[in-house]
Amino acid sequence: MEEAAGLVPEETLVDEAPPVDDERDELEDPELVVESLPEEAENRPGPGSTCPGWEQNAEKRKQKPAAQDRIQASRLRKNLHLLDKLHEEKDLFIQKTREELRACRRRMDLLTEQRESVAAELAAEREAGNVAAMGRLEAASRRLCLELERERDLLPKISAVLQENESTMWHLETQERQLQDVWKSVREEAAAARRCLREQTAKQLRQETEAAGKAERNRLLRVRKSMHLQRELGLRHQKLVADAQQNHRVAVKFLKASLGRVRERERKAELASREHVQRRMDAVLALKNSIAASRETLRQFHAWGRAKAELAEQKAQAEREAILAHGGDAFKHLCHQRRRQELEAQNRAFEQEQKLRKQEIVSRILKEEAGEHARKKQAPPKTTGRPSLRDKTWSHLAEVCDGKSTAPPSCPPLEDSLPSPRATVLAPAISSESVRVDPSSSGWQEEPLVRPEIPGLWSQEASPHQVPQADAGRKPVGGTKTDQDLLARTIRCLRSGAPHRQVASGREFRGRPFNSKPELIHFKDFDVGREYKKKVILTNATYTINYCRLAGVEESLRDSVRIDFDPPGPMSAGMSCEVLVTFKPVVNKDLEGNISFLAQTGGFSVPLKCSTRKCSLSLDKQLIDFGSYVVGETASRTITLTNAGGLGTRFKFLLASESCEMDASHSILKRSSLFTCEEKRFCDKVATSVSEQRMEGNESSLPEAPSQRESQGLDARKQGEGRPPESETVTTPPSKEQTEFCLGEMTEGEIAPFGSIRVPVIFTPLVPGTAHSRVKVVFQNQQCPTLHFRVVGVAVDVPVWVPKPDVDLKICMYDRLYQDSVLVHTRSKAALRLKFEVCKELRGHVELLPETGYIQAMSSFSVQLKFLPRHSLPEDAGKYFDKESCVLEAPMTIRVADQIRPVGFTLHAVVTTSDLELSPSVVDFGYCTVSEAVRTQVGLCNHSLLPQGFGFIGLPKCVDVQPNDGFGTILPLETLQLDVIFQPIKAKEYSFELVCKSEINRCFKLTCRAVGVRPPLELSHHQIKFAATSLYDTSVASLYVINSHVSLNSLTHSVPRIGSEDASPVGPTSFEFLLPPDLPITISPLVGTVWPGKRYLIQVAFRPVLPSELIHQEAFQALIKEAESKSSFRRDMATQKKDQRRQSVSILQLQNRDRSFRSSSSQPPELQKQDLTSSSQEYQAAQAALTRSFPGKFDKFVIPCVVASGDTKDRKGTEPLSFSPHNTLYLELWCPAVAPSIVVTSDKGKTISNFGDVAVGHHGLKKVSIQNICPEDLHLEYSVLNPSGPFVLLNPISRLPSGETQVLELSFSPRESCVAQETLDIVTKRGSLHLTLTGTGVASAVTCSIEGDVLHMGYVIAGESVSSVFKLQNSSSLPIKFSVQLDSLSTRTRNQHQLPQFLAAPAQRTEVVGTQNLSGQSVFSVVPVEGVMDPGRAQDFTVTFSPDHESLYFSDRLQVVLFEKKISRQIILKGAAREHMMFVEGGDPLDVPVESLAVIPAFDQERREEAEELKPILLTLAYVQQDTDTPAPPATRELQVGCIRTTQLSPKKTAEFSLDGVASLQHKGFTIEPSKGFVERGQTKTISVSWVPPIDFDPDHPLVASALLQLRGDVKETRKILFLAHVLTGP
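Treat the numbers as computed from the prediction; the structure is a model and nothing was measured. (Residues numbered from 1 in each chain as written. Predicted model: local features only at pLDDT ≥ 70, side-chain atom pairs only at ≥ 80, totals over all residues. Heavy atoms only, no water.)

A. Region of interest: the overall build of the protein chain. Each helix and strand counted, the protein chain has 23 helices and 79 strands in total. Counting the 1627 residues in the protein chain, one finds 33% classified as buried. Residue pairs at least 24 apart in sequence account for 73% of intrachain contacts in the protein chain once pairs closer than 6 positions are excluded. With the model as given, the accessible surface of the protein chain reaches about 99,200 Å², and the carbon-plus-sulfur share is 52%. (Helix = DSSP H or I, 4+ residues; strand = E, 2+ residues; numbered from the N terminus. Buried < 20%, exposed > 50% of the residue type's maximum accessible area, 1.4 Å probe, protein only. Contact = heavy atoms within 4.5 Å. Areas by Shrake-Rupley, 256 points an atom, 1.4 Å probe, with all protein chains shown as cover.)

Following this line, the structure appears as structure tokens:
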């Protein structure tokens, strides 16, 4: 019954019910409604029938439903509901009608009372004579009477309606009484159905309860097994972690040591390489600058040379003109002058050569001297009686180079006055000017010469005139005769300044001519930048008058010393003069040298010395002896540190066991700056020497290889000198610490110049015996040596001592008792009383028992120590407790009777707390659904320094603590992260506490809050584990969203609710999956609605792809590598083409090239500016490479699903539903991605095969190579391509072995112009490969420049030709092959069985090929006939019209065929030919357009003219007569008269035409303009003919007239024009 009744909705019953207002008409005959009820009631049980029988009948009907039963039940239920509704409506209507009736009667009574009161007031006012009030009351009375009449009329109407409705109500009650039994049976049946449903529900509930209990027991069993397994795994894991940590600590220890040594070596090597590179760079830069300067100097020299040559040429020309002017022989004069110049040049060259030889000799002597000096160091020195030949040669060369006059070698006094030490003055000058040798070269020190380069120089017995065989070809040392003459002349010139001997009273003066005061000019402790002056007095020490002048200072002093000396002239003996020496230092270094003076009796010098500020430090004693002191006493001594120098420094006193680190950065900076200056000066000298070599054009006397070796030796020496000490820390080896000696407060500081410091040394004996120590004094200035002194003292012991002075209780906790015993010994021979004292700060925490005791002679005594730390220990202990480290160091005192110094021991303990801290202290799990668990991390921190065991006890069923079920051991100061997992059982608010108990029975609580939520929707699976999916493949999984909420009865089942809130309503529920962006996950559908008791299918797809950023990075790296390989190839090619040059220059060029290459390579290529799209080749190649090398990836995603009540269709527009954040479901996805099993190897691994543009009707082929990169053979399957599509797989492969590559052939054949794309899936058991096939079908689109389909060539003289050009434009993207065909030249088989065209009617004529040439040749020709049109290009076609006879009907059809298949364009070619140059067009056609096949006989000229006159031209003019009064426009026609442009010679350039009989035509209504005129060749003129019917015109008879048209061109022609005019009547 319920199912049958449910088929008809209630809305239908309500709509079918008649309205209440019309019930009177419908219910007048109630039998109409009840006629069918008795038949329906017969099938119902009576009121006395029982439920079981009815239930059996109902069950039978349910088992075997019949259509008649359902129809009867539906009708019965419909009638019952209809009666109930009508009864209620009529009852309500009757009540309303009765209320209206009562209200009407009340209004009538009220109006009656008001009328009576108004009548009384009117009578009173009438008696009072108040007219105004009377009028107002009369009007009120009339209004009341009118209203009363209306109410009286309404009362019977309402009564009648009430009676009618009551009658209808009676009929309804009668029908209800008739159906009462049926209604009762329906109710009983419904009650029985409900009882059966409840019993069935209870039975199902019991079954589900039993199943749930069984499932719960199984779950608990699995939980216990998993907990036991996890506990075993945890223990094993802890053991493995402990072993790993131990191994890690050992490995880290050795790794740190190894890394430290490696880093130190790398640091030293890097520092050395940097210094070396910096020096080389400086040298190269200096050389580069010198070369640039040399080039500039050479350029200037060339310019000077050119100017000098021009000046000499001008001078020679002037001399020549002057000689010629005086009548002399200019040629002879110039010859003499040229010879004189050549002689002078030879002399200069000879002098230069001698100078170079002397320099070479000097350089060899220098080398020999260096080698001899090295040998003298190894061998004992030998004394020589007289100077050797080498010394004499050296002295001679030194005097010659100095420019002084020398006496012949036979003069002994002169030899004695010029000793060989003068060579030391000459050596720097010569070496700096001509010799470019590194003074630190290893050849000077490590490779001494074995034999001299000039044989005989070392041998004193060798003859001075003996020339060695090696130098036999050279000139003698003394030179030739000419050289000796030149040297003699030079000596005579210098003799005027030579010293003279002074003889007085027979005694010759020997010695120093002048004495200086002071004898040594010494500038002490100078500062750079300041100026110092000293006055020197020179006194004449000779016997007579003498002269004195300044000769100069040495080279090393010229930059800093200036001499102010005014020569006094002749000075008598004993007279003196003053010399002012000014010293302004520019560098901070010591300088020494001489100031040279020249007197008449010889030269002398005054030594000059400049000293920088230095430290001179010393100690006043080297040993401090304290003597003997008792243990515990203190003694002090003082030591003095004195600085006698002018430079202060920083000092520090240290014991021998201590180390010192002094800041030596200042000294290092000075040293590095000094070496930098020297290096720069050396590089400048090298550059200057190279520039001098190039300017002089001579090669260096020293080869390049030795100079390079020497430069390398110089670099090595400078590197060794300039390198700072490897360690600036002065470290002494560790020794046994001695605490008896210590230094006072003043142990370090700054000592001023010429100052002193007193430092106390304190001796405090602690251990009996002799104590000694060594103290050192270190200084910041590296030039100051370390000073040392010794300290010695003797200590005497006490009788009572503690063998264990330190009592270490290790780590102690607060509020716990710790005990230990302290043993006291005595060496005294008498008993002593001991008193044990605790410091007052710790008396509440430490106790010594007993407090007083006696120790016997030569025995020991034990005291008990009790330590109970309170929480107030940090405040009470004060200075004995370190709050940061929690270390307690408390001194305990043992006082001995009759002993001044007490005996002490120290209590050591680390006091720590036993607190465990849970953070956070309150955990709010928030809202959690019953199908999920919420995990939060809680930190358990152990503030103690001892490990503690802990455990969470008494956990609720909905809470779990992991790992190890909340039990474990926490290490000191460790913080463990514990996972507290909460899974609610039902929807309610939770509040509970978790108790963590430590092993010392301390409890720590964690407050937890949560709200359990049961959402209205459920997921069939909360976790999906995808199979391993290949890149760019797709895996699909399915799940359901279930709506099991069908009832609000919370007693039978759990209803969805949030905490303790109201239950969710029953009805449609919507959901939405919130998918984060950029995930390889697709969920379909994302939004949906689930009805109660239903479920909704959801599909989840996983498609792993590579990130675009990673692909871009790989593509850019590939482009950068390609650019680098190209640049390296170009660099190698450029290097091979360059010639070998000198090594010094090549080094510079290589460094410059390397620098430029580094700068170019350091700049990033401009590849970053390129925008790599997904369709670019670089992008796809990088994608393929990354796909092949993909190592695999595993991702885990959690997707939220929000839930809202209502249907998604009910929302307005895009308005979102009100989703509750607490009713959120979560779907966990496990997504493993692996490399594909099949990859594409062709076209750089691109999976997109683009066929490009293919013409419609053609086909394109592509080959794709695929490779199996997995270790097993694969069987391939292919997806089905569109059978009607353009793509076809030509060779499907069924099996692909491992590692092999196969080729797939694909075809693209477009049938229309479109862009086609399909996907070909290659499916294997390990994944799929998706090939995207794309192509574009391009239709051959050709446009023509001819408007329309007809090309008219015009009129041509027969026998001549005319051409016309038209264009075809290829507007497609493909090249098009074309061909042009004429119908006149093609076969005509299809028209063989048709009638001739001239026999057919004009409407049926479709011929396109007209009159042709009589000669058989085509009258039309086209060029070109075939070819190819490129995309976007245009092709010009030339059509030539060449008729051979006269005709007006030449025609043909031109067809443009594309690709030999498609006809793209058809053009009708037309033309006309005349034998003469004049022609007339227009008029009505009078003949057929097909030429007769008969041969026209040839007429003579006269007969032809007569024949031509017979050719008429018909013009039909139709005048349309309108019915209105407005005049109609005239009827008009036109004729074209033209003149053909011809190549024939004609006397006339123009043609004439004239029309005869124009006057007669005008009388008939014709108007012709113009009637005559001229026509130029190639032009046409229009003759307009219009006609208006005259007054006497008869509309029933057409008007016919004629006129003659005369044409005069090359011949005279006549045309007869027939005018046919008629009138048409308009509508």
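B. Just the packing of aromatic side chains, in detail. Summed over all chains, the structure comprises 33 aromatic pairs. Ring plane angle 25 degrees and centroid distance 5.5 Å describe the contact between F514 and F604, whose orientation is recorded as stacked. With F514 in strand β3 (residues 514-517) and F604 in strand β10 (residues 602-612), this residue pair connects regions lying 90 residues apart in the sequence. Residue F604 is classed as buried on the basis of its relative accessible area of 8%. A ring pair is formed by F1287 and F1308, whose centres lie 5.0 Å apart and whose planes are at 25 degrees; its orientation type is stacked. Placement of the pair is F1287 in strand β57 (residues 1287-1289) and F1308 in strand β59 (residues 1301-1308), with a sequence separation of 21 residues. For F1308, a relative accessible area of 0% translates into the label buried. In textbook terms, an aromatic cluster arises when at least three aromatic residues are bridged by ring pairs, as seen for Y1519, F1566, W1587, F1593 and F1619. Positioned over the ring face of F523 is K534, at 5.5 Å from the centre of the ring. Here the basic side chain of R1095 rests over the ring of Y1040, its NZ or CZ set 3.9 Å away from the ring centre. (Phe/Tyr/Trp six-rings, centres within 6.5 Å; stacked < 30°, edge-to-face > 60°. Lys NZ or Arg CZ within 6 Å of the ring centre and 35° of its normal.)

C. Structural detail: helix α21 (residues 1177-1188). For α21, built from 12 residues, the straight-helix expectation of 16 Å at 1.5 Å per residue is met to within 8% by its first-to-last C-alpha distance of 17 Å. When we look at burial in α21, the residues that qualify are Y1179, Q1180, A1182, Q1183, A1184, L1186 and T1187. (Expected span 1.5 Å × (residues − 1).)

D. Inspection of the pairing of strand β68 (residues 1434-1441) at higher detail. Relative to β68, strand β64 (residues 1362-1370) runs antiparallel, the two being bridged by eight bridges. Its bridge partner lying in β68, V1362 is registered against F1441. (Pairing = 2+ DSSP bridges.)

E. Just the sheet that holds strand β69 (residues 1447-1458), in detail. Within the open sheet, the five strands sit side by side as β63-β70-β69-β65-β67. Their pairing is mixed. Unpaired on one side and paired on the other, β63 (1350-1357) and β67 (1426-1429) mark the two borders of the sheet. On average, each strand axis in the sheet is tilted by 25 degrees relative to the strand beside it, whichever way the strands run. Pairing analysis gives 10 bridges linking β69 to strand β70 (residues 1462-1474), with the strands arranged antiparallel. (Axes fitted to C-alpha atoms, helices over the stretch in contact; angles between N-to-C directions.)

F. Looking closely at the nonpolar core. Grouped together as the largest cluster of nonpolar side chains are 38 residues, with contacts concentrated most on L1517, V1537, F1566, W1587, L1605 and F1619. If you tally residues by element for this core, the top one is strand β78 (residues 1599-1608), at five residues. For L1517, the residues in contact, after removing those within four places along its chain, are A1531, T1532, R1533, F1566, V1585, S1586, W1587, F1619, L1620, A1621 and H1622. Counting residues in hydrophobic clusters, the runner-up holds 35 residues, among them Y814, L834, L848 and V896. (Core = buried A, V, L, I, M, F, W, Y, C linked by side-chain atoms within 4.5 Å.)

G. Just a nonpolar patch on the surface, in detail. Nonpolar side chains collect at one region of the surface, where L1261, V1288 and L1290 lie side by side and expose about 270 Å² of accessible area between them. Topologically, L1290 is positioned in the loop between β57 and β58 (1295-1296). Note on L1290: relative accessible area 43%, which makes it partly exposed. (Patch = residues over 30% accessible without salt bridge, like charges linked within 9 Å, V, L, I, M, F, W, Y side chains within 5 Å. Salt bridge = Lys/Arg side-chain N within 4 Å of Asp/Glu carboxyl O.)

H. The sheet that holds strand β22 (residues 800-801), seen in detail. Spatially, the four strands line up as an open sheet ordered β22-β24-β28-β26, and their pairing is antiparallel. Each edge of the open sheet carries a strand with a single partner, namely β22 and β26 (846-849). Sheet topology note: the strand β24 (residues 818-826)/strand β28 (residues 860-867) ladder contains eight bridges and is antiparallel. Bridge pairing links Y818 to F867 in β28.

I. Looking closely at a positive patch on the surface. A contiguous patch of positive charge, built from R833, K835, K840 and R843, is present on the exposed surface. Locating K835 in the fold gives a position in strand β25 (residues 832-838). (Lys, Arg positive; Asp, Glu negative; His and termini not counted. Charge placed at Lys NZ, Arg CZ, Asp CG, Glu CD.)

J. Here's a closer look at the environment of V182. Mapping V182 onto the fold places it in helix α9 (residues 180-326). A relative accessible area of 6% means that V182 is categorised as buried.

K. A look at the confidence of the model for the protein chain. This prediction gives the protein chain a mean pLDDT of 76; 77% of its residues lie at or above 70. pLDDT under 50 marks residues 1505-1509. Its contacts with residues more than four places away, or in other chains, come to six contacts. (pLDDT = per-residue confidence, 0-100.)

L. Examining the pattern of salt bridges more closely. Under the criterion given, the structure shown has 31 salt bridges. The residue E264 makes a salt bridge to R267 at a minimum N-O spacing of 2.6 Å. Of the two residues, E264 and R267 both sit in helix α9, three residues apart, roughly one turn of that helix. Under the relative-accessibility criterion, E264 is labelled partly exposed at 32%.

M. Summary view of a negative patch on the surface. On the surface, a cluster of negative charge is made up of D806, D882, E884 and E889. With respect to the secondary-structure elements, E889 resides in strand β30 (residues 887-896). For E889, a relative accessible area of 43% gives the class partly exposed.

N. Structural view of the environment of N546. Relative to the elements of secondary structure, N546 occurs in the loop between β5 (532-540) and β6 (548-553). Judged by its relative accessible area of 0%, N546 falls in the buried class. Placed 32 residues apart in sequence, N546 and F514 show a C-alpha to C-alpha distance of 9.2 Å. With sequence-adjacent residues up to four places away left out, N546 is seen in contact with P513, F514, N540, G569, P570, M571, A599, Q600 and T601.

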